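# Examination of the molecular architecture
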Amino acid sequence: MAAGIITAAGDGEGFHAPTLQGEFFPGPILFAGTPFEFNRIMLVRVVATILIVTVFWLAARRARLVPGRFQGAIEMALDFVRVNIAEEVLGKESGRRATALLTVIFFGVFAMNITGVIPLLNIAGSSVIGVPLVFAAIAYVGFIVAGVRSQGAGGFLKSSLFPPGVPKFLYVILTPIEFLSTFILRPITLTIRLLANMLVGHLLLVLCFGATHYLFFEAAGTFKVLGGVTLAAGLAFTVFEIFIAALQAFIFTLLTAVYIQLSEEAH
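Here we summarise the structure given alongside this text. Along each chain, numbering runs from 1 in the same order as the chain's sequence is written. Side-chain atom pairs in this predicted model are given and counted only at pLDDT of 80 or more, local residue features only at pLDDT of at least 70, and totals for whole chains, interfaces and linings cover all residues. Side-chain measures here rest on the full set of heavy atoms in the structure, leaving out hydrogens and waters.

### Some details on the overall build of the protein chain
Secondary structure follows DSSP: runs of H or I at least 4 residues long count as helices, runs of E at least 2 residues long count as strands, and numbering of each begins at the N terminus. Of regular secondary structure, the protein chain possesses seven helices and two strands. Mapped from its N terminus to its C terminus, the protein chain presents α and β elements in the order α-α-β-β-α-α-α-α-α. In this treatment the radius of gyration is a C-alpha quantity, and the globule benchmark scales as 2.2 Å times the residue count to the 0.38 power. Computed over C-alpha atoms, the radius of gyration of the protein chain comes to 23 Å, more than 25% over the 18 Å expected from 2.2 N^0.38 for 267 residues, which places it beyond the range of a compact globule. In terms of overall dimensions, the protein chain has C-alpha extents of about 70 × 60 × 40 Å along its principal axes. Burial classes follow relative accessibility: with a 1.4 Å probe on protein chains only, a residue under 20% of its type's maximum area counts as buried, one over 50% as exposed, and anything between as partly exposed. Every one of the 267 residues in the protein chain was classed for burial, and the buried ones make up 36%. Computed with a 1.4 Å probe, the accessible areas rest on the Shrake-Rupley method; for each residue, only the protein chains presented here act as cover. Just so you have it, the protein chain exposes about 15,000 Å², and 73% of that area is on carbon and sulfur atoms. For this count, His and the chain ends are skipped, Lys and Arg are scored as positive, and Asp and Glu as negative. For charged residues, the charge sits on one atom: NZ in Lys, CZ in Arg, CG in Asp, CD in Glu. Computed over 16 positive and 14 negative side-chain charges, the inter-centroid distance for the protein chain is 11 Å.

Below is the structure:
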């Protein structure tokens, strides 16, 4: 059955599965061969940035004491980050200081994620490592600055690398582990978690809808019936990807808040 549906990539016929090179490293559309080479994923990121900035600009520009539906929805979203993430994890005082940072991370990550299901864009701006890495770097700087501000540079390093209540001879083993965990693995895991979820989600959608197109328009005989199955799967995965886009923004922001909380408090 598989042999009847999938042909070799070089034949020019049949169903061709998505590839990392083809999906995530598209050819340039502007400035080819220069350091400013601009491709489709970069265009998607620019569009996502313009959209999120426009949404908040419109909400702030038309702000009223008694909010309308649009302003009310934006305020609810902002309150979600402030109350359910910043204040819930950090408390009111520290949460107030971190709210701006956490808000930028939450809505920035969400905007880059949700482009994967927006027609004509159809790929998450965070599905290539640049965006996840930038947000992880912002979170990294954020929790280090919070720790230094709260404990001082020496106190922050001491509490991070030399947990109290441990026999001193164990620091030979424990301190390198704490350094690796706090200063190396945190940004790496933030980056990989977001990147992997967006990359896999896009491949699933392309696989389902690509198979649907092939089965409906190219496959012979009874194989066309399978197109309904792949279409239903594609629609289901689309809804699931909307959920994942919001969930990954929430997890990324929540972990950033947790890292800030750990930095501000001595063990």
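### Focus: the packing of aromatic side chains
Planes of paired rings set the category: under 30 degrees apart is stacked, over 60 is edge-to-face and the rest tilted, where pairs are Phe, Tyr or Trp rings (Trp by its six-membered ring) whose centres lie within 6.5 Å. Counted under the stated rule, the structure contains eleven aromatic pairs. Summarising the aromatic geometry, the rings of Phe143 and Tyr259 are spaced 5.9 Å apart at their centres and angled 65 degrees between planes, so their arrangement reads as edge-to-face. Linking Phe143 in helix H5 (residues 130-161) with Tyr259 in helix H7 (residues 226-264), this pair joins segments that are 116 residues apart in sequence. As far as the burial class goes, Phe143 and Tyr259 line up, both buried. Ring centres 5.3 Å apart and planes at 80 degrees place the aromatic pair Phe162 and Tyr171 in the edge-to-face group. Ring-pair connections join several aromatic residues into one group, and the members of that group are Phe56, Phe80, Phe106, Phe107 and Phe250. The ring of Phe143 is capped by Arg186, whose NZ or CZ atom sits 5.0 Å from the centre of that ring. Distance and angle both matter: a charge sits over a ring if NZ of Lys or CZ of Arg is within 6 Å of the ring centre and within 35 degrees of the ring normal.

### A few points about a nonpolar patch on the surface
Excluding any residue in a salt bridge, patches collect residues exceeding 30% relative accessible area, merging like charges within 9 Å and nonpolar Val, Leu, Ile, Met, Phe, Trp and Tyr side chains within 5 Å. The term salt bridge refers to a pairing of a side-chain nitrogen on Lys or Arg with a carboxyl oxygen on Asp or Glu at a separation within 4 Å. A contiguous nonpolar surface patch, about 500 Å² in accessible area, is contributed by Phe179, Leu180, Ile184, Leu185, Ile188 and Ile192. One can find Leu180 in helix H6 (residues 171-217). Residue classification places Leu180 among the partly exposed residues on the basis of a relative accessible area of 42%.

### A look at the side chain of Thr115
You can see Thr115 is positioned in the loop between helix H4 (69-114) and H5. Under the relative-accessibility criterion, Thr115 is labelled buried at 1%. Definition of a polar contact: a pair of N or O atoms within 3.5 Å, with one able to donate and the other able to accept a hydrogen when the atoms are protein atoms, and with sequence-neighbouring residues admitted only if both atoms are side-chain atoms. A distance of 3.1 Å separates the side chain of Thr115 from the backbone nitrogen of Gly125, its partner in a polar contact.

### Focus: the environment of Gln261
By the secondary structure assignment, Gln261 is in helix H7. Expressed as a C-alpha distance, the spacing of Gln261 and Phe143, which sit 118 residues apart in the sequence, is 8.0 Å. Among residues more than four places away in sequence, those in contact with Gln261 are Val89 and Leu90. Any two residues whose heavy atoms approach within 4.5 Å are treated as being in contact.

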